[in-house]
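Now for the letters of each chain:
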Amino acid sequence: GTQEKITEKVEVVRKFLDRMTAIQVTVDLEHKGSPTVELRISAEHHDEFVAIDEADTVLAAVDSVVDKMENQLRRYKEKLKEHRATGHKHLEPPEPAEDS
C-alpha cells in the first residue's frame, strides 16, 4: 500500500548519512487536493534535518521531500569533508595584509 511505498522512498536517504538515529514522516491530509509531507531526520551530533513539501498526491510530495532532504544531507556531508580537510571548525577569511 501507500505506507510501504512511502517507507521505501524515504529509506533511500539512509545512504546519505551513517549516523541517523530516527526518520520520521508526517503526512498531512487536511487539504485533500494538496497533501503535505514533512520529513524529519535525527542524526548524532546534529540538530534535526527537516524538509516539508506539498503536491497533488502524497507520493509526489514524498518524492519532492526526499529530494530536498538529499540536498540538505549532501551539503551537510560536504561541509563535514571541508572541516576534516582543514581541521578547523570555522574557516576565517585571511586577514588582508597591511601595507607597511
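Figured I'd write up the structure that's included with this text. (Residues numbered from 1 in each chain as written. Predicted model: local features only at pLDDT ≥ 70, side-chain atom pairs only at ≥ 80, totals over all residues. Heavy atoms only, no water.)

### Observations regarding a positive patch on the surface
The cut-off we apply is this: Like charges are joined within 9 Å and nonpolar side chains (Val, Leu, Ile, Met, Phe, Trp, Tyr) within 5 Å, but only among residues with over 30% relative accessible area and no salt bridge; these make up the patches. Each accessible area value is a Shrake-Rupley result obtained with a 1.4 Å probe; residue values ignore everything except the protein chains displayed when judging cover. What counts as a salt bridge is simple: a side-chain nitrogen of Lys or Arg found within 4 Å of a carboxyl oxygen of Asp or Glu. When charges are counted, neither His nor the chain ends are considered; positive counts come from Lys and Arg and negative counts from Asp and Glu. Lysine's charge is taken at NZ, arginine's at CZ, aspartate's at CG and glutamate's at CD. Secondary structure is summarised from DSSP: a helix means a run of H or I of at least four residues, a strand means a run of E of at least two, and numbering begins at the N terminus for each.
Together, Arg19, Lys77, Lys81 and Arg84 give the surface a local cluster of positive charge. Mapped onto the elements, Lys81 comes out in helix α2 (residues 58-86).

### Describing the sheet that holds strand β3 (residues 46-54)
Note the following rule: Strand pairing follows a simple DSSP-based rule, namely that at least 2 bridges must link the two strands. Comment: axis = line fitted to C-alpha atoms, over the contacting stretch for helices; angle = value between 0 and 180 degrees taken between N-to-C directions.
Strand order in this open sheet of three strands is β1-β2-β3, and the pairing throughout is antiparallel. Edge strands, defined here as strands with exactly one partner in the open sheet, are β1 (20-28) and β3. Direction aside, neighbouring strands of the sheet carry axes that sit 15 degrees apart on average. In this sheet, strand β2 (residues 36-43) lies alongside β1 in antiparallel orientation, the contact comprising eight bridges.

### Topic: the side chain of Thr36
Selection criterion: For this analysis, residues touch if any pair of their heavy atoms sits within 4.5 Å.
On the secondary structure map, Thr36 appears in strand β2. Excluding residues within four positions of it along the chain, Thr36 makes contact with Thr26, Val27, Asp28, Ile52, Asp53 and Glu54.

### Let's talk about the pattern of salt bridges
As a reminder of what qualifies: Classification of residues uses two cut-offs on accessible area relative to the type maximum, computed with a 1.4 Å probe and protein chains only: under 20% is buried, over 50% is exposed, and between them is partly exposed.
Summed over all chains, the structure comprises five salt bridges. For Asp63, the salt bridge identified is with Lys9, shortest N-O distance 2.9 Å. Taken together, the positions of Asp63 in helix α2 and Lys9 in helix α1 (residues 2-11) put the pair 54 residues apart, joining distant regions of the chain. Asp63 gets classed as partly exposed once you look at its relative accessible area, which sits at 41%. The exposure class assigned to Lys9 is partly exposed, which follows from its relative accessible area of 24%. Measuring nitrogen to oxygen at the nearest pair gives 2.6 Å for the salt bridge that ties Glu11 to Arg14.

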